[in-house]
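# Inside the fold
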Amino acid sequence: MSAVIEERRGRIALLKLNNPPVNGLGWPVREGLDAAIDRLGKDADVDAIVVTGDGRMFCAGADIREFGTTPPEHVRGLGKILTDLEAMEKPVVAAIHGVAAGGGLELALGCHHRVCGPKTKLGLPEVSLGILPGAGGTQRLPRVAGVAKALEMIVSGRLVSEKEAFKAGIVDELVDGDVDAVIDAAVAAAEKLAAAGVPPRRSGERSDGLKEAQGNPSLFDDFRKSMAKRARGMNAPYACVRCVEAATTMALADGLQYERDEFVKLVDAIEAKSMRHAFFAEREVAKIPDVPADTPTRPIQNAGVIGCGTMGGGIAMVFANAGLPVTVIESEQSALDAGLEKIANNYAATVSKGRLSQEEMDRRMGLITGATDLTELAATDIVVEAVFENMDVKKELFARLDKVCKPGVILATNTSTLDVDEIASATSRPQDVIGTHFFSPANVMRLMENVRGEKTADEVIATVMKLSKTLGKVGVLVGVCHGFVGNRMLHQYLREAMFLVEEGALPQDIDRVIYDFGLPMGPFAMCDLAGNDVGWRVRQEQIKAQGGTPSNARYSGTIADKICDLGRFGQKTGKGWFKYGDGRTPTPDPDVEAIILETSKELGFARREISDEEILQRCLYPLVNEGAKILDEGIALRASDIDVVWMHGYGFPRFRGGPMFWADTIGLQTIAETMQRFEKEQGPWMAPSPLLLKLAADGKGFGDA
Ligand SMILES: NC(=O)c1ccc[n+]([C@@H]2O[C@H](COP(=O)([O-])OP(=O)(O)OC[C@H]3O[C@@H](n4cnc5c(N)ncnc54)[C@H](O)[C@@H]3O)[C@@H](O)[C@H]2O)c1
């Protein structure tokens, strides 16, 4: 079957892109389109052309299967083909349905008239892959939709509805019907245009949309300022703005050339490679070598959540948001009431911001039922436990669940550190026990670390991985160890941040470096947000269990403990590593600085100037090194899974591809040598992992591990 199907409707030629599943613009499609344009331009029996997509959508853009391959030499790029399409004397009409994204929308913009069906998404999301629309999108969209609209759409990558597109002038006609109705309307429009005999209205020749910029010289600078925070560290969003700006100052042909040059600079740069890696890592993460895709799953039609505190409340919302009825259990009625009230307040805040309707909030609240008796969970399909982080409490609870729950129920724990196998041993059905480690706030953060126990059944793993998707989360399968993947690596990062403060840096220095690198906040703002008391209690427990701090290790909690002794637990107490006033903006606090200076002295550190480079390396290289150990131990299946954990659980910037991919871009030899130096300067906890050393010696990256 040809990649472009040609049909006739009287004197109208109908071209249907045919490259399932999304009509990606792979080279056979481009070749077919190119040939058809040439042929139909000369065909005396054809008055006009309609372009559409066969199957479920118009076209979702580039064919990702083509990434990294070289098409045959004679196949031209989409940009050139669209220049010829637009230049045709015969009217060309796009019949858009489903999706017109990336090259798909560029194709539609290359046509002279656009007809669009219902429930359609249109946009130029290239920026999310570290590139820009390179087939005329940055030149034609502003001419058609106006500069401000084009900037917003291209720089955010956001897809808009057909109604929004119509309002913005991106589509000329809306049709309320199925694909056939859209095609019929497009054919009718093509006939009318051909009969009118007027020259085609070419997007590239229009100038109406550019006027707003000509009368507002600061538009681009203002826009750059408004995006500075979101786009920090990245090149692609700025290149997008430059191209749109070029559309307002250059003739079309020059603007197209400028866009092409900018595209070429981006496409092979590390930023685009990192974002492509992120894209593929997120697809790969669902694949588990020993749990094949056809593994049977158990139906999940309802859920139980035990504990309605910080995490339990959020997890209950996650189920309700996905339309699943959920029973929430607390042991005391008062705790249950407080927990349910918090959930209601949480929803109400979203309603007051206009992001949720009152009816939708009521519907979701209606799916959440509170109870204080565990037997209410007798018929539940999955139970997620989110009670205190205490092994005895959890084991006692799982033993009771074992008695009350029906056979085949999935028993999940949200523990962040405890041994899932030990928890499972409290039941007679360890095969049904698994970890589902949500991140805080559970209703916002997309990551779920699904923790596979020694005896967890394949069916349970497959069900929970599928459930993650149903819940709108990204599930990553990990193994049992203290802190699993994310928090185990985080521990390394936080420890070094604390040490750097003892040696000479201030919390605001470290936070600035990490923020500028691209994370949403630095380690100290993060601790203040999560609550400093959490780590404080863990340290106290550890010290008690060990009978003091081990003499061969450096203790990282000296300053943190002093901060907590003063009740500075973070945002919730208005003070922590920073002070907060009424809001959430951290402000450096001289009181904290005084504690830091005093502690450095007590510990015998002559405070020194610490460079931004050292801060970055000391915080992130040990984190990567721990990732290498996790990989070596088989706790994570792939280095790219670790990247997914960090992008979705901690906001590690996508444009760096996650910590392991980022390490590969630095070069593992550099990382290994720096860790060896740190080991000498700091201590044995900085020793590079055997896997890191081996890969570095072999000149390989984590991607090859
Ligand atoms: N807070 C976080 O950032 C975070 C992140 C990931 C995982 N976790 C894990 O989630 C779990 C819960 O943490 P949290 O922060 O929500 O704690 P929390 O103290 O806010 O909530 C725990 C809730 O469990 C209830 N509870 C205790 N024992 C119970 C029992 N036997 N039956 C019913 N309810 C009981 C308590 O009344 C309390 O409301 C812990 O295992 C924790 O390690 C926490």
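Preceding this paragraph is the structure being described.
### Observations concerning the overall build of the protein chain
From N to C terminus, the protein chain includes 29 helices and 17 strands. Expected size for 705 residues packed as a compact globule is a radius of gyration near 27 Å; at 29 Å, the protein chain falls within 12% of this value. Within the protein chain, the fraction of its 705 residues that count as buried is 54%. Of the accessible surface of the protein chain, which amounts to about 30200 Å², a share of 53% is contributed by carbon and sulfur atoms. Taking the average place of the 81 positive charges on the side chains of the protein chain and the average place of its 98 negative ones, the gap between the two points comes to 2 Å.

### Some points on the site of the ligand
Close contacts around the ligand come from 19 residues, with Met311, Glu330, Glu389, Lys394 and Ser416 the closest. A distance of 2.8 Å separates an oxygen atom of the ligand from a polar atom in the backbone of Met311. Separating an oxygen atom of the ligand from a side-chain N or O atom of Glu330 is a distance of 2.5 Å. Here the ligand, which alone exposes 830 Å², has 76% of that area covered by the protein. Broken down by secondary-structure element, the contributors of at least two residues to the shell around the ligand are helix 13 (310-321) and strand 15 (433-438). Broken down by class, the residue content of the shell around the ligand amounts to seven nonpolar, nine polar and three charged.

### So, the state of the cysteines
Under the definition given, this model contains zero disulfides. Cys481 takes part in no disulfide bond, and the closest cysteine sulfur, belonging to Cys527, lies 20 Å away. With a relative accessible area of 13%, Cys481 lands in the buried category. For the unlinked cysteine Cys527, the closest cysteine sulfur is that of Cys564, found at 9.2 Å.

### A word on the nonpolar core
Nonpolar side chains in soluble globular proteins generally cluster together in the buried interior. Counting 90 residues, the largest nonpolar core has Leu401, Val485, Ile510, Trp577, Ile642, Trp646 and Phe702 as its most contacted members. No other element matches helix 25 (residues 612-632), which puts 10 residues into this core. Both of domain 2 (303-485) and domain 3 (489-634 + 667-704) provide at least three residues apiece to this core. Core analysis: the next-biggest nonpolar cluster, separate from the first, contains 68 residues, Leu25, Cys111, Cys116 and Ala150 among them.

### Points about the sheet that holds strand 14 (residues 410-413)
Spatial strand order, 12-11-10-13-14-15-16-17: eight strands in an open sheet with mixed pairing. The sheet terminates laterally at strand 12 (368-371) and strand 17 (474-479), the two strands that pair on one side only. Looking at each pair of strands side by side, their axes are set apart by 25° on average, direction ignored. Judged from the four bridges that link them, strand 10 (residues 303-306) and strand 11 (residues 326-329) form a sheet pairing that is parallel. When the bridges of strand 11 are listed, Val305 appears paired with Val328. Contacting strand 10, strand 13 (382-385), strand 14 and strand 15, helix 16 (residues 391-404) runs over the sheet at an angle of about 170° to strand 14.

### Looking at the sheet that holds strand 5 (residues 99-101)
Picture the strands of a sheet paired through backbone hydrogen bonds; they go either parallel or antiparallel. Here we have three strands laid out as an open sheet, ordered 5-7-8, and mixed in their pairing. Among the strands making up the open sheet, the edge pair consists of strand 5 and strand 8 (160-161). Together, strand 5 and strand 7 (121-123) form the strand contacts of helix 3 (residues 103-110), whose direction differs from that of strand 5 by roughly 90°.

### With respect to helix 2 (residues 78-87)
For helix 2, every residue scored as buried is listed here: Leu78, Ile81, Leu82, Leu85 and Glu86. For helix 2, the angular spread of the buried residues around the axis is 135°, confining them to a single face. Summarising the contacts, the buried residues of helix 2 are in contact with helix 1 (27-42), strand 4 (92-96), helix 3, helix 4 (137-145) and helix 11 (252-267).

### What to know about the packing of aromatic side chains
For the coordinates displayed, the defined rule picks out 11 aromatic pairs. Here the aromatic rings of Tyr493 and Trp646 are separated by 6.5 Å at their centres, their planes lie at 75°, and the arrangement is edge-to-face. Of this pair, Tyr493 sits in helix 19 (residues 486-503) while Trp646 is found in helix 26 (residues 639-649), placing the two residues 153 residues apart along the sequence. Looking at Trp646, the relative accessible area reads 1%, which means it is buried. Plain terms: the ring middles of Phe517 and Phe652 are 5.6 Å apart, the flat faces sit at 75° to each other, and that makes the pair edge-to-face. Of the two residues, Phe517 is situated in helix 20 (residues 507-517) and Phe652 in the loop between helix 26 and helix 27 (659-666); the sequence distance between them amounts to 135 residues. Among the aromatic residues, those joined into a cluster by ring pairs are Phe439, Tyr493, Phe517, Tyr621, Trp646, Tyr650, Phe652 and Trp662. Looking at Arg232, its charged tip hangs above the ring of Tyr515, at a distance of 3.6 Å from the centre.

Thresholds, definitions, all that
Residues numbered from 1 in each chain as written. Predicted model: local features only at pLDDT ≥ 70, side-chain atom pairs only at ≥ 80, totals over all residues. Heavy atoms only, no water. Helix = DSSP H or I, 4+ residues; strand = E, 2+ residues; numbered from the N terminus. Rg over C-alpha atoms; globule rule 2.2 N^0.38 Å. Buried < 20%, exposed > 50% of the residue type's maximum accessible area, 1.4 Å probe, protein only. Areas by Shrake-Rupley, 256 points an atom, 1.4 Å probe, with all protein chains shown as cover. Lys, Arg positive; Asp, Glu negative; His and termini not counted. Charge placed at Lys NZ, Arg CZ, Asp CG, Glu CD. Near = heavy atom within 4 Å. Polar contact = N/O pair within 3.5 Å; in protein donor to acceptor, adjacent residues only side chain to side chain. Nonpolar A, V, L, I, M, F, W, Y, C, P; charged D, E, K, R; others polar. Disulfide = S-S within 2.5 Å. Core = buried A, V, L, I, M, F, W, Y, C linked by side-chain atoms within 4.5 Å. Domains from an automatic or database assignment. Pairing = 2+ DSSP bridges. Axes fitted to C-alpha atoms, helices over the stretch in contact; angles between N-to-C directions. Contact = heavy atoms within 4.5 Å. Arc of directions from axis to C-beta. Phe/Tyr/Trp six-rings, centres within 6.5 Å; stacked < 30°, edge-to-face > 60°. Lys NZ or Arg CZ within 6 Å of the ring centre and 35° of its normal.

Nothing here speaks to function; it is all geometry.
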